[in-house]
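Here is what each chain is made of, one letter per residue.
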Amino acid sequence: MDWKRIDWARRSGGPIEADLIEAYAQGKINRRNFVKRGTMIGLSMPMMGAVIAACGSDDSSSGSDSGGGESASTEAPATTEAPASAAGGDVTAAIQTGDANSGLDPLNMLDLGTYAVLSQSFEYLVGLGSDGNIAATALATEWSPNADATQWTFKLRDGVTWQEDGAPLTSADVAATLDRMAEVGAGVAGVFSAGSTETPDDVTVVMNLDAPNGNLPVLVSLFNPQSLITPADYSSGTVLNDRVTGTGAWVLEDFDPSSFRATFTPNPNWWGGGVNLDSVTLQGFDSGGTSVAAFAAGEIDVLQSFSISDGATLLNDSSVTVLRPPSSNHRQLWFNTQLPEGGPFTDPRVRQAVGYAINRQQIVDTVYEGQAVIANDHPVYATLPYFDDTQEQRPYDPEMAKQLLSDAGYPDGIESVLQVGDLGEIPAIAAIVEQNLAAVGITTPVSVTPNSDFYGEYWCSGASWGTQPETSGPGRPCGASADIGIVDYGHRPTPDVFLGRALQTDADWNSSNYASAEFDGLFKAYQGATDVAGQKDAVGKIQRVLHEDTPAVYSCFFDYLTAASDAVSGLEVTALGHMQFQNVTKS
């Protein structure tokens, strides 16, 4: 241990940086989590390399508190690798059909298909690293917090221009985007307010936050998809096919909303330089089985994602490259905790009964064929450094479920329709849930709706874009969402979006209409913590509150699977549906 070099590193930054370096030096976190956290707070790679060298340790001797719970399957790269081929060619990728209500609206989009389309033309402040986490590969080249993480400063990349008129990207564009995000929520409610961002010059963005936030860069990265940077004069509700612009590598040439088919050609003025392909086409599919069949027939080159139930044979096909990017993906089974008033799911004992009645291992084994890990009714993934592994796992216990139902006044059971979209393996999960719940007296016939309509009709029908906006109100942001349903959540490297958008009082994705002052306070404490110890203390309490209140059931986290033909190389993906084609070649 080279303490002299470590002391130099601690003195080179502020208290947040010093705390992280100290935690790594003392073995409180491992190398992987040191690099992840260091990137989050803006430590440079040379600085992190110097600290790692000074400590002279590796993952085998540092950081026993990483939480365990590795993926059930062997990770494949998040980038396709193949021999380089000549430039040119066209690639077609199958994607999820986008939501019919939001269209190509970068601020209000809801699904992985639309994320993939819009992120071809628009870009984020914070981009994707080679390890699948955030990195300075997008519009910001560096960032750093002040001493208490109430202010973050970002430096913008030189030479970035807008496709529509060649005007340069400036800090005014970023500030206006952040204002629009704050006005609609977009995962930043309570984080910063409209008008709070300063622009001291054209390449500097100073974000003044409403409260300390140790994970702010994630919220302006591709892992908060609605944070795409748009021009200063862009307005909420504008769709890309009506105003074709962006700073990204690809220009939208054509979009057919009826088939959800988007075609892109290279942006000759992209700051990253020339791309290899002649065009990229993203084709929407309503069915996973149909997209897998098209891929098998050679009609498409890339599958944005596929489920085991649809594409198990692809895992052992030598002509297919399967990518498994880092994944905290899960399916949330929510309960409307407030409506209808006096309904069975307004009682936490009934919600807990559902949690005990679901056979999680059956879902892991049957639906995911072992490529998933059991979850414990909260969205905090076990490999995060602040995960609390002392919390007891909720077991499969039908007798406990029956007792809780009886205690709640439902000894003869209850009946409610289980609402789901027709996305991937979700109907298969719903079938198991229906079977499990029937065994304890809960009758939940499954209703499957086209996913393009599902979000507005059942998931958050009380939202402004939903079918029943009049049913929402203070503490009930999603109003008359379904009594019980299952919805998809894609990967995030931290649980901020899972906790803030899905569970915080009045949050825009809170289909449970969950309103808990205790949870809100703990979430605020977690976001305000600038050290791993503070985050771990808050997250441990959050895990227990959610376990007790059970506004939703989280049965497992599953591997995200992307497939590409062996003719495609250089593709980068995330478990949130993003596909980056800048470096792709096709042989």
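Values in this document were obtained by computation on a predicted structure and should not be read as measured data.

Q: Honestly, the overall build of the protein chain in this entry has me stumped. Any pointers?
A: Helix and strand counts for the protein chain come out as 17 helices and 25 strands. Taking 2.2 N^0.38 as the reference for a compact globule, 587 residues should give roughly 25 Å; the C-alpha atoms of the protein chain span a radius of gyration of 23 Å, in line with that estimate. Across its three principal axes, the protein chain shows a C-alpha extent of roughly 65 × 55 × 50 Å. The burial tally for the protein chain puts 60% of its 587 residues in the buried class. By sequence separation, contacts in the protein chain at least 24 residues apart represent 71% of the contacts at least 6 residues apart. Side chains of the protein chain carry 29 positive and 73 negative charges; the gap between the two charge centres is 9 Å.

Q: How should the sheet that holds strand 13 (residues 330-335) be read in this particular structure?
A: Across the sheet, 6 strands lie side by side as 14-20-13-19-16-18; this open sheet has mixed pairing. Because the sheet does not close on itself, it has two edges, and the strands there are strand 14 (372-374) and strand 18 (446-449). Taken over all neighbouring pairs, the strand axes of this sheet differ in orientation by 25° on average, direction set aside. In this sheet, strand 19 (residues 484-489) lies alongside strand 16 (residues 418-421) in parallel orientation, the contact comprising 3 bridges. In the sheet register, Gln419 faces strand 19, and the bridge partner there is Gly485. Running at roughly 165° to strand 16, helix 13 (residues 426-438) makes contact with strand 13, strand 16, strand 18 and strand 19 of the sheet.

Q: Got a minute to help me understand the environment of Val206 in this structure?
A: Turning to its location among the elements, Val206 is positioned in strand 7 (residues 204-208). For Val206 and Gly159, which are 47 residues apart along the polypeptide, the C-alpha to C-alpha distance reads 20 Å. Once residues lying within four places of it in the same chain are set aside, the contact partners of Val206 are Gln151, Trp152, Thr153, Ser196, Thr197, Glu198 and Pro200.

Q: Which parts of the structure should I look at to understand the pairing of strand 5 (residues 151-156)?
A: Regular strands show a simple pattern: their side chains alternate between the two faces of the sheet. Residues of strand 5 alternate between two faces, with Trp152, Phe154 and Leu156 buried on one and Gln151, Thr153 and Lys155 left unburied on the opposite face. Pairing of strand 4 (residues 140-145) with strand 5, which is carried by 5 bridges, proceeds in the antiparallel orientation. Its bridge partner lying in strand 5, Glu142 is registered against Lys155. Between strand 4 and strand 5, which pair antiparallel and follow one another directly, the connecting turn spans 5 residues, one of which, Ala149, has a positive phi of 60°.

Q: Teacher, can you tell me more about the packing of helix 2 (residues 15-25) against helix 4 (residues 45-55) here?
A: The angle between the axes and the distance between the axes are what describe a pair of packed helices. With their axes 10 Å apart at the nearest point, helix 2 and helix 4 run at an angle of 30° to one another. Comparing their axes, helix 4 and helix 2 come out roughly parallel. Classified by chirality, the crossing of helix 4 by helix 2 is right-handed. Of the residues in helix 4, those touching helix 2 at Ile21, Tyr24 and Ala25 are Val51, Ile52 and Cys55. Tallied by class, the residues present in the contact of helix 2 with helix 4 amount to 6 nonpolar, no polar and no charged.

Q: Whenever I open this one, the packing of aromatic side chains confuses me. Can you help?
A: How two aromatic rings sit relative to each other is set out by the distance from centre to centre and by the angle between their planes. Taken as a whole, this structure holds 20 aromatic pairs when the rule is applied. Centre to centre, the rings of Trp143 and Phe154 are 6.1 Å apart; their planes meet at 35°, and the pair counts as tilted. With Trp143 in strand 4 and Phe154 in strand 5, this residue pair connects regions lying 11 residues apart in the sequence. Among the residues examined, Phe154 registers a relative accessible area of 0% and is labelled buried. Taken together, the ring pairs in this structure connect Trp334, Phe454, Tyr455, Tyr458, Trp459, Trp465, Tyr489, Phe498 and Trp509 into an aromatic cluster. For the cation-ring pair, Arg394 lies above Tyr356, with the distance from its terminal atom to the ring centre recorded as 4.9 Å. The aromatic ring of Trp509 is capped on one face by Arg501, whose charged end is 3.8 Å from the ring centroid.

Q: Help me understand the sheet that holds strand 10 (residues 279-285), please; the structure alone is not making it clear to me.
A: Sheets are built from strands that pair by backbone hydrogen bonding, the pairs being arranged parallel or antiparallel. Reading across the sheet, the 7 strands line up as 8-9-10-1-11-21-12 and stay open at both edges, with mixed pairing between neighbours. In this open sheet, the two strands that pair with only one neighbour each are strand 8 (250-256) and strand 12 (320-323). Pairing of strand 12 with strand 21 (residues 562-565), which is carried by 4 bridges, proceeds in the antiparallel orientation. Within strand 21, the position partnered with Thr321 by the bridge is Ala564. This element, helix 5 (residues 112-121), spans strand 1 (90-96), strand 8, strand 9 (261-266) and strand 10 of the sheet and lies at about 145° to strand 1.

Q: I tried to follow the packing of helix 1 (residues 3-12) against helix 4 on my own but got confused; where do I start?
A: Relative orientation of the contacting elements helix 1 and helix 4 amounts to 150°, with a least axis distance of 9 Å. Taken together, helix 1 and helix 4 sit at an angle that is classed as roughly antiparallel. Along this stretch, helix 1 crosses helix 4, giving a crossing that reads as left-handed. Along the contact surface, helix 1 presents Arg5, Ile6, Trp8, Ala9 and Ser12, while helix 4 presents Met47, Ala50, Val51, Ala53, Ala54 and Cys55. Considered class by class, the residues forming the contact of helix 1 with helix 4 number 9 nonpolar, 1 polar and 1 charged.

Q: Could you clarify how one ought to interpret the side chain of Ser481 in this entry?
A: Along the chain, Ser481 turns up in the loop between helix 14 (451-459) and strand 19. Relative accessible area serves as the criterion here: at 3%, Ser481 is assigned to the buried category. Filtering out sequence-adjacent residues up to four positions away, Ser481 remains in contact with Trp334, Asn336, Tyr458, Trp459, Ser461, Ser511 and Asn513.

Q: Sorry, what's going on with the confidence of the model for the protein chain here?
A: Note that predicted coordinates carrying low pLDDT should not be read in detail. When pLDDT is averaged along the protein chain, the result is 92; 95% of the residues meet or exceed 70. Predicted confidence is poor over residues 59-76, with pLDDT under 50, and the contacts of this stretch with residues over four places away or in other chains come to 47 contacts.

Q: I keep staring at the pattern of salt bridges and nothing clicks. Help me out?
A: Oppositely charged side chains may form a pair once their charged atoms are brought near each other. In total, this model carries 16 salt bridges according to the counting rule given. With its nearest N and O atoms 3.9 Å apart, the salt bridge here joins Arg324 to Asp559. Of the two residues, Arg324 is situated in the loop between strand 12 and strand 13 and Asp559 in the loop between strand 20 (552-558) and strand 21; the sequence distance between them amounts to 235 residues. Classification of Arg324 by relative accessible area gives buried; the value is 14%. Residues Arg331 and Glu425 are paired through a salt bridge, measuring 2.8 Å at the closest nitrogen-oxygen approach. One end of the pair, Arg331, is in strand 13; the other, Glu425, is in the loop between strand 16 and helix 13, with 94 residues separating them in the sequence. Residues joined in a network through salt bridges with shared partners are Asp7, Arg10 and Glu22.

Q: Is there a simple way to explain helix 2 in this structure?
A: An α-helical segment advances 3.6 residues per turn. Residues three or four places apart therefore align on the same side. In terms of residue burial, helix 2 counts as a mostly covered element, since 8 of its 11 residues are buried. Burial in helix 2 covers these residues: Ile16, Glu17, Ala18, Leu20, Ile21, Ala23, Tyr24 and Ala25. Looking at the packing, one finds that the buried side of helix 2 touches helix 1, helix 3 (31-40), helix 4 and strand 4. Where helix 2 terminates, the next one or two residues include Gly27, which has phi positive at roughly 75°.

Calculation rules
- Along each chain, residue indices are assigned from 1 in the same order as the chain's sequence is written.
- Residues qualify for local features only when their pLDDT is at least 70, as the model is predicted, and side-chain atom pairs are given and counted only at 80 or more; totals for whole chains, interfaces and linings, by contrast, use all residues.
- Water and hydrogen atoms play no part in the side-chain values, which are based on all heavy atoms of the structure.
- Numbering of helices and strands starts at the N terminus; helices are DSSP runs of H or I of at least 4 residues and strands are runs of E of at least 2.
- The globule rule used for comparison is 2.2 Å times the number of residues to the exponent 0.38, while the radius of gyration itself is calculated over C-alpha atoms.
- Each residue's exposure class comes from its accessible area (1.4 Å probe, protein chains only) as a fraction of the maximum for that residue type: buried when under 20%, exposed when over 50%, partly exposed otherwise.
- Note on definitions: a residue-residue contact is assigned when non-hydrogen atoms from the two residues lie within 4.5 Å.
- When charges are counted, neither His nor the chain ends are considered; positive counts come from Lys and Arg and negative counts from Asp and Glu.
- Charge placement uses NZ in Lys and CZ in Arg. For Asp and Glu, CG and CD serve respectively.
- By the convention used here, strands pair only if DSSP detects at least 2 bridges between them.
- Here, axes are lines fitted to C-alpha atoms. For helices the fit covers the stretch in contact, and angles between N-to-C directions go from 0 to 180 degrees.
- Here the angle decides the label: under 35 degrees means roughly parallel, over 145 means roughly antiparallel, 65 to 115 means roughly perpendicular, and every other value means oblique.
- Here a crossing is taken to be left-handed if its near helix is turned anticlockwise relative to the far helix by less than a right angle, and right-handed if that turn runs clockwise.
- Under the scheme applied, nonpolar residues are Ala, Val, Leu, Ile, Met, Phe, Trp, Tyr, Cys and Pro; charged residues are Asp, Glu, Lys and Arg; polar residues are all the others, including Gly.
- Stacked, tilted and edge-to-face are the three classes applied to pairs of Phe, Tyr and Trp rings, where Trp contributes its six-membered ring and a pair requires centres within 6.5 Å; stacked means planes under 30 degrees apart, edge-to-face means over 60, and tilted covers the rest.
- Distance and angle both matter: a charge sits over a ring if NZ of Lys or CZ of Arg is within 6 Å of the ring centre and within 35 degrees of the ring normal.
- A score between 0 and 100, pLDDT records how confident the predictor is in each residue.
- Any Lys or Arg side-chain nitrogen located within 4 Å of an Asp or Glu carboxyl oxygen qualifies as a salt bridge.

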